[in-house]
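# Commentary on secondary and tertiary structure
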Amino acid sequence: MFNPVWLPDARKTYDDLSAKAKASVAARKKTGKTKSTKDEGLFKQVRKTIDFLLNNPKHPSLNTHEYDSLEHPYDKSKKVFEAYVQNNTPGAYRLFWCYGPKENEISLIAITSHP
């Protein structure tokens, strides 16, 4: 199991998604609706992806692969990876990450929608 290291962009996006999901839950409870909103679903998917990643970065559902368009934040010679949060969805979300800076750590670089 790996420990997360949150880089500022990933932390901000995660916190924003969490706040939107909490606001949706509160609004839904006031109106008595039972169906989850898109904001709630997206946050649940992001959280699940991070859990899978920290437990097994090679988990098949992550579709983890190298990503060349981002530089490794600690060592330019090392690799950055992309993991799928969503698939077959317009603007599907992705999680960008790398190993390090220390052993048994994974740095979460960014959580963003796929262009």
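It should be noted that the structure appears before, not after, this text.
Residues numbered from 1 in each chain as written. Predicted model: local features only at pLDDT ≥ 70, side-chain atom pairs only at ≥ 80, totals over all residues. Heavy atoms only, no water.

Across its full length, the chain carries two helices and five strands. For the chain, the α and β elements follow one another from N to C terminus as β-α-α-β-β-β-β. Here the C-alpha coordinates of the chain stretch approximately 50 × 25 × 25 Å along the principal axes. Taking all 115 residues of the chain together, 36% fall into the buried category. Expressed as a percentage of contacts within the chain between residues at least 6 apart in sequence, the contacts between residues at least 24 apart total 45%. When the accessible surface of the chain is totalled, it reaches about 7500 Å², and 51% of it is carbon and sulfur. For the chain, the distance from the average site of its 19 positive side-chain charges to the average site of its 13 negative ones is 11 Å. (Helix = DSSP H or I, 4+ residues; strand = E, 2+ residues; numbered from the N terminus. Buried < 20%, exposed > 50% of the residue type's maximum accessible area, 1.4 Å probe, protein only. Contact = heavy atoms within 4.5 Å. Areas by Shrake-Rupley, 256 points an atom, 1.4 Å probe, with all protein chains shown as cover. Lys, Arg positive; Asp, Glu negative; His and termini not counted. Charge placed at Lys NZ, Arg CZ, Asp CG, Glu CD.)

Tallied over the full model, the rule gives six salt bridges. A salt bridge links K79 to E66; its shortest N-O distance comes to 3.2 Å. Within this pair, whereas K79 is found in the loop between strand 2 (65-66) and strand 3 (81-84), its partner E66 is found in strand 2, the two being separated by 13 residues in sequence. The partly exposed category is assigned to E66, whose relative accessible area is 42%. Measuring nitrogen to oxygen at the nearest pair gives 3.3 Å for the salt bridge that ties K76 to E71. The two residues K76 and E71 agree in class, both being exposed. (Salt bridge = Lys/Arg side-chain N within 4 Å of Asp/Glu carboxyl O.)

Relative to the 34 Å expected for 24 residues at 1.5 Å per residue, helix 1 (residues 8-31) spans 35 Å between its end C-alpha atoms, a close match to the ideal helical length. If you check which residues of helix 1 are buried, you get A10, Y14, L17, S18, A21, S24 and R28. Residues of helix 1 that are buried sit in contact with strand 1 (3-6), helix 2 (38-55), strand 4 (93-99) and strand 5 (105-113). Taken from the residues just after helix 1, G32 is the one with a positive phi, measuring 80°. (Expected span 1.5 Å × (residues − 1).)

Geometric values such as these leave the question of function open.
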